[in-house]
Amino acid sequence: MSLRIGILGAARIAPTALVKPASANAGVEVVAVAARDAGRAQAFATKHGIPRTHSSYEALLDDPDVDAVYNPLPNGLHGRWTKAAMAAGKHVLCEKPFTANAAEAREIADLAATSDRVVMEAFHYRYHPLALRVEEIVASGELGELQRVETALCFPLPKFSDIRYNYDLAGGATMDAGCYAVHMARTFGGGETPEVVSAQAKLRDAKIDRAMTAELRYPSGHTGRVQCSMWSSAVLKISAKVTGSQGSLSVLNPASPQVYHRLTVRTGGARRVERLPRRASYAYQLDAFAAAVLEGAPVKTSAEDAVKTMSVIDAIYRAAGLPLREPS
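A quick note: this is a predicted structure, and the numbers were derived from the prediction, not measured.

Rules and cut-offs
- Residues numbered from 1 in each chain as written.
- Predicted model: local features only at pLDDT ≥ 70, side-chain atom pairs only at ≥ 80, totals over all residues.
- Heavy atoms only, no water.
- Phe/Tyr/Trp six-rings, centres within 6.5 Å; stacked < 30°, edge-to-face > 60°.
- Helix = DSSP H or I, 4+ residues; strand = E, 2+ residues; numbered from the N terminus.
- Buried < 20%, exposed > 50% of the residue type's maximum accessible area, 1.4 Å probe, protein only.
- Lys NZ or Arg CZ within 6 Å of the ring centre and 35° of its normal.
- Pairing = 2+ DSSP bridges.
- Axes fitted to C-alpha atoms, helices over the stretch in contact; angles between N-to-C directions.
- Contact = heavy atoms within 4.5 Å.
- 1 Å grid on protein atoms, 1.4 Å probe; cavity = no way out; pocket = protein on both sides within 12 Å on 5 of 7 lines; lining within 4 Å.
- Points joined across faces, edges and corners; volume = space filled by probe spheres on them.
- Nonpolar A, V, L, I, M, F, W, Y, C, P; charged D, E, K, R; others polar.

*Asks:* Before we move on, can you summarise the packing of aromatic side chains with the specific residues and values?
*Replies:* Enumeration according to the criterion identifies seven aromatic pairs in this entry. For the pair phenylalanine 123 and tyrosine 180, a centre-to-centre distance of 5.4 Å together with 75 degrees between the ring planes defines the contact as edge-to-face. Of the two residues, phenylalanine 123 sits in the loop between strand E6 (119-122) and helix H6 (129-140) while tyrosine 180 sits in helix H8 (residues 178-188), which places them 57 residues apart along the sequence. Taken individually, phenylalanine 123 and tyrosine 180 each receive the classification buried, so the pair is uniform in this respect. Centroid distance phenylalanine 160 to tryptophan 231: 6.1 Å. Interplanar angle 85 degrees. Geometry classified as edge-to-face. Residue phenylalanine 160 is found in the loop between strand E7 (146-154) and helix H7 (173-176), and its partner tryptophan 231 is found in the loop between strand E10 (223-229) and strand E11 (237-244); the two are separated by 71 residues along the sequence. By the ring-pair criterion, three or more aromatic residues cluster together here, those being Phe123, Tyr125, Tyr180 and Phe188. The ring of phenylalanine 160 has arginine 204 lying over it, and the distance from NZ or CZ to the ring centre is 3.7 Å.

Take a look at the structure:
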């Protein structure tokens, strides 16, 4: 039995995040793609060897030969089409950020709780052995009592017409890059969801953050900081650092899907470097999604988990004096 997936939208991320890993996964087939521009859907399907196209998202959801959908639409449309897919009886792999805000995430989590459909947020890094190893080290107590967690995802996006700068599509640096930093802060901070102490934004316009820095406090008492940007002096920074009373660990490129990763641990005056598999995190993510659908395996990035992440993102926007993002 294979999992047949349809793609909502001919998005640029879809070949890397789904089509390529599916080609190497015997249990998964990408069988359809939908786009509002039929020509674009056909061109995408032809280029990537996808057998069927649909000229509307509704038509793809009505396709009986599609078991699950991959939702890489703009942020503000994630919630609407995830709900529509669930209503159509489809499993959903939804790109991050899961929704426009925490209230919308809660609505979907409540629906998912009463459904037999798998609804999973596509935080690919979470399924890579690197993330699992960091979790293991933190939980082992090797670092001692946690003191500080710092995560960052900064990259340059100087094309200001990009939808990621569009408030009406739930854009902003904290939504696009910051959701990774927030999720990593939760994952690497002992699994706790922190409160936001303060946040400072650098603005593209009155509603859109091009960069954000937020200070955090965890229920157990340790502190943290998340940093993100799409345009700032921190041109490229993808990192995580966890400091405890007996040592620290640092991670290079924790959220990068296919490039070099490095984990460095310093304890007791010693330093060691651990290198993890080079297999793309998108491949591990697809393995997990297929296992959840076909075998009932649990997922680490559930709709309930997304509520916690979106709650922190909402709190960051409030602390920075910016409006919450809204569904499109």
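*Asks:* A description of the pairing of E11 should follow, citing residues and the corresponding values.
*Replies:* By the alternation rule, side chains of E11 split into Ile238, Ala240, Val242 and Gly244, which are all buried, and Lys237, Ser239, Lys241 and Thr243, of which none is buried. Bridging between E7 and E11 involves eight bridges; their strand directions are antiparallel. Its bridge partner being in E11, threonine 151 is matched across the sheet by alanine 240. Where E11 and strand E12 (residues 247-252) come together, six bridges link them in antiparallel fashion. From the neighbouring strand, serine 239 faces E12, where its bridge partner is leucine 252. Two successive antiparallel strands, E11 and E12, enclose a turn made up of two residues.

*Asks:* So what's going on with the sheet that holds strand E3 (residues 52-54)? Which residues, and what values?
*Replies:* The strand order across the open sheet built from six strands is E3-E2-E1-E4-E5-E6, with neighbouring strands paired in parallel fashion. Both outer strands of the open sheet, E3 and E6, are each paired with one neighbouring strand and no more. Taken pair by pair, the neighbouring strands of this sheet meet at an average axis angle of 25 degrees, ignoring direction. Summarising the sheet, strand E4 (residues 68-71) and strand E5 (residues 91-95) pair through four bridges and their orientation is parallel. By the bridge assignment, alanine 68 is partnered in E5 with histidine 91. On top of the sheet, helix H4 (residues 75-87) reaches strand E1 (3-8), E4, E5 and E6; it is set at about 170 degrees to E5, its chief contact.

*Asks:* Quick rundown of the layout of surface pockets? Include the residues and the values.
*Replies:* Of the volumes computed, that of the largest pocket is approximately 1,100 Å³. Ranked by the residues each element gives to the lining of the largest pocket, the list is headed by H4, at three residues. Within the lining of the largest pocket, the residues separate by chemical class into 21 nonpolar, nine polar and 10 charged. Approximately 170 Å³ is the volume attributed to the second largest pocket. Forming the walls of the second largest pocket are Arg126, Glu135, Val138, Ala139, His183, Arg186, Thr187, Gly190, Gly191, Lys300, Asp305 and Lys308. Of all the secondary-structure elements, those providing two or more residues to the lining of the second largest pocket are H6, H8 and helix H10 (303-319). Looking at the lining of the second largest pocket, its residues break down into two nonpolar, four polar and six charged.

By themselves, these are just geometric observations and shouldn't be taken as functional.
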